Amino acid sequence: MNITQIKLHNYLSHRNTKLNLIKDGLYLILGRNKLTGLSNGAGKSGLVQDPIPYAYFGESNRCLGAGDNLITDGQDKMYVEITSIKNKKRITVRRERIRNKTTKLTINGKCGNSIKETQAVLEKIIGMDYDTFRHSVGFEQGKMSSFSKLLPTEAKSVLMRILQLDKYDGYYKRAKEIVNDLKSKHDEIEMELSLLGDTDVSPNTESRRDTESRVKTVQKQLSKIEKEYKRYLEIENEREEIKKQLDELKNKEYHYKIKIDQLRKKIEKFIQLKSCPFCLQKIFSAHKVSIKKASLIEIKKLEKQAKIIDVQIKEGTIKMPKSIADKVEQSREQDNELREELGNLKARLVSIEETDKELVKAKKKKATLAHNKKLLLNKMNDYLLLMNAFGKNGIQAYIIDNIIPEIQNIANDIIGRIVDLQLNMQTQKQLKSGKESETLDIIISDSNGDKSYYNYSGGEKTLIDFALRIALSVILSRRSGTQIETLILDEPFGFCDARNKAKIMDAINFVRRRFQFKKIFLITHDYELQDSCENIIEVIKDRGGSRIKGGLKNE
Ligand SMILES: Nc1ncnc2c1ncn2[C@@H]1O[C@H](COP(=O)(O)OP(=O)(O)O)[C@@H](O)[C@H]1O
Ligand SMILES: [Mg+2]
């Protein structure tokens, strides 16, 4: 990002300022506030330090909220337009704000569906976000020394923030939350598994076998009883049939006997008769004998037949099967008992079957739970690994351990050209407890040994701060994968005397060459420095606001 033009309209004290930056090199930005006679408040920072991040990110040191406070008092609309060259392509970014209304962001005159969308595209093009920008391109005025002044414990956390390593704390927290969540899910599964108990052996196996065999026995007994009952019914039928036949025979026999009796009585009566009661003729004894004889023959015939029937009755009686009713009654009682038992056994089998079905279900559930538990444990192990990776001793420590020597080398490279000082950065001191402490010590040594930062002079401190910040800036740009081609140094001299200022100017020139910065903007109130710089820009502020004076050495 090599800035080639800055246009400001109604931006802070600038009404219409156009700054062309054709040449590469070091730009000295000086200023005069004609209203006060001082350099302060001339509009120097308002020319580059503030509008560049506002245009690129909608944020800056001075920007509050959407940036209405950046609009020149009494005006309703402002814009900042920055043109830069990246990979030989011209990129013009313009951010326009209408007071209390809207902000419009365009890249080469175009914008996305939303400002958020355009912003994302822009950050991709320039290769950094605001946080990286403010720690690498545009150091805040008066904050150059803040890093070195920090206590060792603060220094490390600030460095981690600058390197954006604190984002890993967020990832660590998230991974921990997931691990805890997985752990509680795992505990739930364990609980469910313990409630399911042993599903490998059915507690009903024995009982089922006994019940089934008893069912078979009972069924056999029942079918035996059924057969007996059938037999009984057949016998009863036979008995009934024979009884009927016997009754008929007895009836017949009875009629024969009555007939015989009647005939005998008739004969006796006839023998005693002297004449016919109807015709009154005399009945002769010969006639009586012959009639008696005929009747006796008839009687004998009848008696013979009765005897046959009697024999038949006797035979039938013999044939008559013996009743087995009592036995059948007993069997019926047993049948009822057995049927009841069979009912109970079948009910029992159903319940055994149901519990066995439950067991099969439980077995399936157990298998699913065990599978889920395995998946959960695998996932938990992955997240535990992530937790370790995102934790303080993971990626963060790895990056810090690798970056610190680099920062140290770059800083020493800068410092070593100017003064005989050596900077040493140390992380993680071993504590008495054996634990490592989370600190970043910056130890500065000269030919007499190690000294505290506070022991050095104002000029030396400024130099140390400057070197450290440049080193950080270079590291950050390397990490973001973008070459920072522009560096803005806003009043970096602090309490430097003329000699130290000259040294820092040398260091700035060295840094520009060594790290190939296309443009370095040095904002200062120090007019004495004009002789050591090619490109001078003077900002003058009067009643009409701030404007650039095409003055001094500036063409
Ligand atoms: N909204 C505003 N409208 C007009 N002028 C403003 C507004 N906000 C700040 N200023 C003025 O703009 C100037 C900003 O100066 P700045 O660039 O910080 O000065 P320098 O860096 O030269 O000391 C100050 O004089 C300040 O009063
Ligand atoms: Mg300023």
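One structure accompanies this document, and this report is about it. (Residues numbered from 1 in each chain as written. Chains lettered and ligands numbered in written order. Predicted model: local features only at pLDDT ≥ 70, side-chain atom pairs only at ≥ 80, totals over all residues.)

In the neighbourhood of ligand 1, 13 residues make up the surrounding shell, with Ser13, Gly41, Lys44, Ser45 and Gly46 lying closest. Residue classes in the shell around ligand 1 are distributed as 2 nonpolar, 9 polar and 2 charged. (Near = placed C-beta within 6 Å. Nonpolar A, V, L, I, M, F, W, Y, C, P; charged D, E, K, R; others polar.)

In this structure, Asn10 takes a positive phi of about 55 degrees despite not being glycine. By the secondary structure assignment, Asn10 is in strand 1 (residues 2-11). In the Ramachandran plot, Asn100 falls in the positive-phi region, its phi being about 60 degrees despite a non-glycine side chain. Among the structural elements, Asn100 can be located in the loop between strand 5 (89-98) and strand 6 (103-107). Here Asn100 falls in the exposed class, since 9 other C-beta atoms lie within 10 Å of it. (Helix = DSSP H or I, 4+ residues; strand = E, 2+ residues; numbered from the N terminus. Buried ≥ 20, exposed ≤ 12 C-beta atoms within 10 Å, placed from the backbone.)

Taken residue by residue, a regular strand's side chains alternate between the two faces of the sheet. With 7 bridges joining them, strand 1 and strand 4 (residues 77-86) adopt antiparallel strand pairing. Its bridge partner being in strand 4, His9 is matched across the sheet by Tyr79. As defined by bridge partners, strand 1 adjoins strand 2 (residues 14-20) across 6 bridges and the pair is classed as antiparallel. When the sheet's bridge partners are listed, Gln5 is paired in strand 2 with Asn20. Remark: 2 residues form the turn of the hairpin made by strand 1 and strand 2, two consecutive strands paired antiparallel; Leu12 in that turn has positive phi of roughly 50 degrees. (Pairing = 2+ DSSP bridges.)

Formed by 80 residues in total, the largest nonpolar core has its most connected members in Ile29, Ala467, Ala471 and Leu522. Sorting elements by how many residues they give to this core places helix 11 (residues 458-480) first, with 11 residues. Among residues more than four places away in sequence, those in contact with Ile29 are Lys44, Leu47, Val48, Phe521, Leu522, Ile523, Ile537 and Val539. (Core = buried A, V, L, I, M, F, W, Y, C linked by C-beta atoms within 7 Å. Contact = placed C-beta atoms within 7 Å.)

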